[in-house]
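# Per-entry structural report
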Amino acid sequence: RGGRWGDQDKQPMQIGGNNRNLQKARQMGLRGKWNKTRAAAQQGMRWSDRPPTRIREASIEVRPGWAVVEQINFSDLQKMSWQIPECKEVTSYGTVEPFDKLYDRITPKTEKPLQTSEPRPVWNATTSDDPVIQEIASRGDCPFNVFATDAIIAAIMAAPRSAFSWDVVVTRAGNRLYLDKRDGSPFDYVTANETAHEQGDEDKESINNLGNLSQEATRINRIFCQQARVTGGEQSAKFEHPEHPAAREYGPGQAPSPTGFKYRAWQMGDNVNMLVRTQVDAVTKGKQDEDLFTTIFALNETDPKVFNTIDWRQKLESQRGAVLATELKNNSYKLARWTLQSLLAGADLLKLGYVSRVHTRNAERHVVLGTQTYKPREFATQVNLNVPNAWAILKAVVDMCLTLDEGKYLLLKDPNKPLLRLYDVGETGLEDDEDDEDDHHRGGDGDDED
């Protein structure tokens, strides 16, 4: 009393039962930090303790003889920026069927069953096995020195979002660079809950085990992409070469699912001229009756209670933004890759299906609850994807690989740390691993994420 107003700040705060602020907080049902500490101490842990982090396995076993050539931290990649280069279409193959507009009108109240029959085969050959890329690369006047597929390029561009391990086979042959996937590698499967807090059961027999969830998501994507198109429709769009690029590999009655393949090129600086196989899944008509090429993907709901997510049947119509925000949180890397693949293909639209289990304990039967249409560039903004940064990441990785001596290398995402490692594996360092992968996945249901 009689002192300056600032003197009251010098008085020690009382935490006893007579403190009015504390009494008010208790009346409102609030707890102070000291209560959190006391409650946690009774359980033998501090309030700031976290459950132990799950240790993930690498996508391929790293052998003792492999030498680390380079290592890149994601924190360094996220600071980069590169002007989006102009694209040139080199050639195109295939025929795309029209998108079935019925799926644009589906709601949770008018759900449509997802087919259970075996889908048509999907062609997802790696870069070096692509007959079109082989033919272009064999030309004497071939101007390209980097060859890849859209799935591989998108994985590298979105690398800082990845949590699971993945790998790319890097081959230097003369002045050329080939980026390939291994058979049975993570590129053949769709991930599930990769960036979620709850990633699934440890029990490998559970339908909610991480591996089984990936198998389920892969199959759903294959079926939905084919089911949402009008087979044999008159409005199918034929590309420059209407035949499938690998038509000779399939016998009568074994033709792969109709898909459009665009071989597109980008010049990145003076030292990189890159040819990429991209793909689109369907076509639809615009307001001026023009062809709008579309990519098709599917998000899938498993068990909202187990994974603590929004129930799509209750919220998809009224709170679709909240549903997508939850998916972005739990599957950030997958959504970024799909967006980048659509941009690389020059797709006009991106169709995103919402597929859910009929019963949460049955992973075999599903229904389509809705479909959302986006323009890829706008969707990139919606999922907080920095496209100039994505191109800068790709440029940095490609530049690093172009400095390598001739030989075979492996670019590996560390399974438990936010970084990439480049290994020198020698000429035969991957052969046994590829044989093991073939044996492990033989008879499986693998499919590309494209």
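My aim in this report is to walk through the structure given alongside it, one point at a time.

Reading the values: rules and limits
Residues numbered from 1 in each chain as written. Predicted model: local features only at pLDDT ≥ 70, side-chain atom pairs only at ≥ 80, totals over all residues. Heavy atoms only, no water. Helix = DSSP H or I, 4+ residues; strand = E, 2+ residues; numbered from the N terminus. Buried < 20%, exposed > 50% of the residue type's maximum accessible area, 1.4 Å probe, protein only. Lys, Arg positive; Asp, Glu negative; His and termini not counted. Salt bridge = Lys/Arg side-chain N within 4 Å of Asp/Glu carboxyl O. Polar contact = N/O pair within 3.5 Å; in protein donor to acceptor, adjacent residues only side chain to side chain. Contact = heavy atoms within 4.5 Å. Axes fitted to C-alpha atoms, helices over the stretch in contact; angles between N-to-C directions. Parallel < 35°, antiparallel > 145°, perpendicular 65-115°, else oblique. Left-handed = near helix turned anticlockwise from the far one by under 90°. Nonpolar A, V, L, I, M, F, W, Y, C, P; charged D, E, K, R; others polar. Expected span 1.5 Å × (residues − 1). Patch = residues over 30% accessible without salt bridge, like charges linked within 9 Å, V, L, I, M, F, W, Y side chains within 5 Å. Areas by Shrake-Rupley, 256 points an atom, 1.4 Å probe, with all protein chains shown as cover. Charge placed at Lys NZ, Arg CZ, Asp CG, Glu CD. Core = buried A, V, L, I, M, F, W, Y, C linked by side-chain atoms within 4.5 Å.

What follows deals with the side chain of Arg-172. Its place among the elements puts Arg-172 in strand E5 (residues 167–173). Although Arg-172 is buried, it makes no salt bridge; Asp-405 carries the closest opposite charge, 7.4 Å away. There is a polar contact of 3.1 Å between the side chain of Arg-172 and the backbone oxygen of Leu-402. There is a polar contact of 3.3 Å between the side chain of Arg-172 and the backbone oxygen of Leu-404. Dropping the residues within four chain positions of it, Arg-172 is found in contact with Leu-177, Cys-401, Leu-402, Leu-404, Asp-405, Glu-406, Gly-407 and Tyr-409.

For any two helices packed against each other, one specifies the crossing angle of their axes together with the interaxial distance. One way to put it is that helix H5 (residues 150–157) packs onto helix H10 (residues 332–344) with a least axis distance of 9 Å and a crossing angle of 125 degrees. Comparing their axes, H10 and H5 come out oblique. Pair H5 / H10 crosses with right-handed handedness. Where H5 abuts H10, its residues Asp-150, Ala-151, Ile-153, Ala-154, Ala-155 and Met-157 lie against Tyr-333, Arg-337, Leu-340, Gln-341 and Leu-344. Taken together, the residues of the contact of H5 with H10 break down into eight nonpolar, one polar and two charged.

Turning next to H10. The end-to-end C-alpha separation of H10 is 18 Å, in line with the 18 Å expected for 13 residues at 1.5 Å each. With respect to burial, H10 is a largely interior element, 12 of its 13 residues being buried. Along H10, the residues classified as buried are Ser-332, Tyr-333, Lys-334, Leu-335, Ala-336, Arg-337, Trp-338, Thr-339, Leu-340, Gln-341, Ser-342 and Leu-344. At the C-terminal side of H10, Gly-346 shows a positive phi close to 70 degrees.

Residues Asp-405, Glu-406, Asp-424 and Glu-427 make up a contiguous surface patch of negative charge. Of note, Asp-424 is situated in strand E15 (residues 419–424). On the basis of relative accessibility, which here comes to 32%, the residue Asp-424 falls in the partly exposed class.

Moving on to the nonpolar core. Grouped together as the largest cluster of nonpolar side chains are 65 residues, with contacts concentrated most on Val-170, Met-274 and Leu-352. Counting residues per element, this core draws most heavily on helix H12 (residues 387–402), at 10 residues. Those residues in contact with Leu-352 that lie beyond four places of it in its chain are Phe-297, Leu-299, Leu-324, Leu-335, Trp-338, Gly-370, Thr-371, Gln-372, Tyr-374 and Phe-379. Formed by 16 residues, the second largest nonpolar core is a distinct cluster that contains Tyr-93, Cys-142, Ala-265 and Leu-275.

So, on to the environment of Glu-216. Positionally, Glu-216 belongs in helix H6 (residues 210–227). Its relative accessible area of 6% is what places Glu-216 among the buried residues. Along the backbone, Glu-216 and Thr-302 are 86 residues apart, and their C-alpha atoms lie at a distance of 9.4 Å. Ignoring anything within four residues of it in the chain, the contact list for Glu-216 reads Ile-207, Asn-300, Thr-302, Arg-357, Ala-363 and His-366. Here His-366 takes part through its side chain, which lies 2.7 Å from a polar atom of the side chain of Glu-216.

Turning next to the pattern of salt bridges. Throughout the structure, instances matching the rule amount to 14 salt bridges. Here Glu-111 and Arg-313 are joined by a salt bridge, their closest N and O atoms 4.0 Å apart. With a gap of 202 residues between them, Glu-111 in the loop between strand E2 (87–98) and strand E3 (112–113) and Arg-313 in helix H8 (residues 312–315) connect regions that are remote in the sequence. Of the residues examined, Glu-111 reaches a relative accessible area of 36% and is grouped as partly exposed. Ionic pairing is found between Asp-399 and Lys-395, a salt bridge with its closest N-O pair at 2.6 Å. A residue pair is termed a helical-turn pair when its members lie 3 or 4 positions apart in one helix, as Asp-399 and Lys-395 do in helix H12 at four residues. Looking at Lys-395, the relative accessible area reads 8%, which means it is buried. Through salt bridges with shared partners, a single ionic network connects Glu-111, Glu-301 and Arg-313.

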